[in-house]
Amino acid sequence: MHKDFSKIILTNEQIVQKCKELGKLITNDYKDKSPVIVSLLKGAVPFMAELIKHIDIDDLELDFMDVSSYSGTSSTREVKVLQDLRRSVEGRHVLLVEDIVDTGHTLVKVIELIKDKKAESVKIVSLLNKEDRREVDIHADYLGFEIPNEFVVGFGLDYNEKYRHTSYIGVLKEEIYK
Ligand code: IMP
């Protein structure tokens, strides 16, 4: 385990197993559509990479969007678009891939932006959810794990850009951010 983690909450095996389950559900729901899977940079990239291995659909596209909504360990409400989608999603079925739904402000804003682009449908798949922290009414259509209100890092999730590379998810030692 990384020396800055106090404990591991999700092992790589658990994450991969969950991606298999979510991939099956998504394959079933989107098999007759040609979805665009949109990953939010950078935190959702490892999750997207694992998840798409388990989605068995012939016609599928990937795109990326970068929005900033967070600094340190507390959410700010402002969501800025740093990088927009490369291609039009007009009339397309968009599946947004997120690492974690926390207050929910990021997703509310991103969904609004994608609907403005006239997507046919927008759904969310999130690896993690912190229900206790929610400030707006939004939920993932496909969810990996419900987690307690602790600051977690690894498998894409960062603290000041660190720890994204670990294959597992853990709780950061308090002394690192206090
Ligand atoms: P929201 O707008 O509050 O839902 O923020 C969602 C974003 O905050 C996520 O995409 C993460 O980038 C970040 N975030 C929220 N909780 C955590 C955490 O426990 N660890 C790392 N990043 C987090």
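Let us look at the structure shown here. Owing to the predicted nature of the structure, the values given are computational and were not obtained by experimental measurement.

### What about unusual backbone geometry?
The amide bond that connects Leu41 to the next residue, Lys42, takes the cis arrangement and shows omega of -15°. With respect to the element layout, Lys42 can be found in the loop between β2 (36-41) and α2 (45-52). Located in the positive-phi region is Phe155, a residue other than glycine, with phi close to 50°. Relative to the elements of secondary structure, Phe155 occurs in the loop between β8 (152-153) and β9 (169-172). On the accessibility criterion, Phe155 (8% relative accessible area) is buried. Backbone geometry at Tyr163 places phi at a positive 75°, although glycine is not the residue there. Considering the arrangement of structural elements, one finds Tyr163 in the loop between β8 and β9.

### Description of the pairing of β9
As paired strands, strand β1 (residues 5-10) and β9 are joined by four bridges and run antiparallel to one another. Note on β9: the bridge partner recorded for Phe5 is Leu172. Direction of pairing for β8 relative to β9: antiparallel, over a ladder of two bridges. Bridge pairing in β9 links Val152 to Val171.

### A word on the packing of helix α1 (residues 12-30) against α2
Taken N-terminus to C-terminus, the directions of α1 and α2 make an angle of 60°; their axes are 8 Å apart at the nearest point. The hand of the α1/α2 crossing is right-handed. In contact with Val16, Cys19, Leu22, Gly23 and Ile26 of α1, α2 contributes Phe47, Glu50 and Leu51. Of the residues that constitute the contact of α1 with α2, the class distribution is six nonpolar, one polar and one charged.

### What to know about the pattern of salt bridges
What the rule picks out here adds up to 14 salt bridges. Its salt-bridge partner being Asp102, residue Arg133 comes within 2.8 Å of it at the nearest N-O pair. Residue Arg133 is located in the loop between β6 (121-129) and β7 (142-146), and its partner Asp102 is located in the loop between β5 (93-101) and α3 (105-116); the two are separated by 31 residues in the primary sequence. For Arg133, a relative accessible area of 24% gives the class partly exposed. The buried category is assigned to Asp102, whose relative accessible area is 8%. The shortest N-O distance in the salt bridge between Glu131 and Arg134 comes to 3.6 Å. What emerges from the salt-bridge pattern is a single network uniting Lys42, Asp158, Glu161 and Arg164.

### Notes on the environment of Leu96
Considering the arrangement of structural elements, one finds Leu96 in strand β5. Along the sequence, Leu96 and Ser39 sit 57 residues apart, while their C-alpha atoms lie 6.0 Å from each other. In contact with Leu96, other than residues within four places in its own chain, are Val38, Leu40, Leu107, Val110, Ile111, Ile114, Val122, Lys123, Ile124 and Val125.

### Description of the packing of aromatic side chains
Enumeration over the complete set of coordinates arrives at five aromatic pairs. Sitting over the ring of Phe145, Lys18 keeps its end group 5.0 Å from the ring centre. Over the ring of Tyr30 we find Lys33; its NZ or CZ atom is 5.6 Å from the centre of that ring.

### A short note on the sheet that holds β8
One open sheet accounts for three strands, arranged β1-β9-β8; its pairing is antiparallel. Because the sheet does not close on itself, it has two edges, and the strands there are β1 and β8.

Procedures and definitions
- Residues numbered from 1 in each chain as written.
- Predicted model: local features only at pLDDT ≥ 70, side-chain atom pairs only at ≥ 80, totals over all residues.
- Heavy atoms only, no water.
- Helix = DSSP H or I, 4+ residues; strand = E, 2+ residues; numbered from the N terminus.
- Buried < 20%, exposed > 50% of the residue type's maximum accessible area, 1.4 Å probe, protein only.
- Pairing = 2+ DSSP bridges.
- Axes fitted to C-alpha atoms, helices over the stretch in contact; angles between N-to-C directions.
- Left-handed = near helix turned anticlockwise from the far one by under 90°.
- Contact = heavy atoms within 4.5 Å.
- Nonpolar A, V, L, I, M, F, W, Y, C, P; charged D, E, K, R; others polar.
- Salt bridge = Lys/Arg side-chain N within 4 Å of Asp/Glu carboxyl O.
- Phe/Tyr/Trp six-rings, centres within 6.5 Å; stacked < 30°, edge-to-face > 60°.
- Lys NZ or Arg CZ within 6 Å of the ring centre and 35° of its normal.

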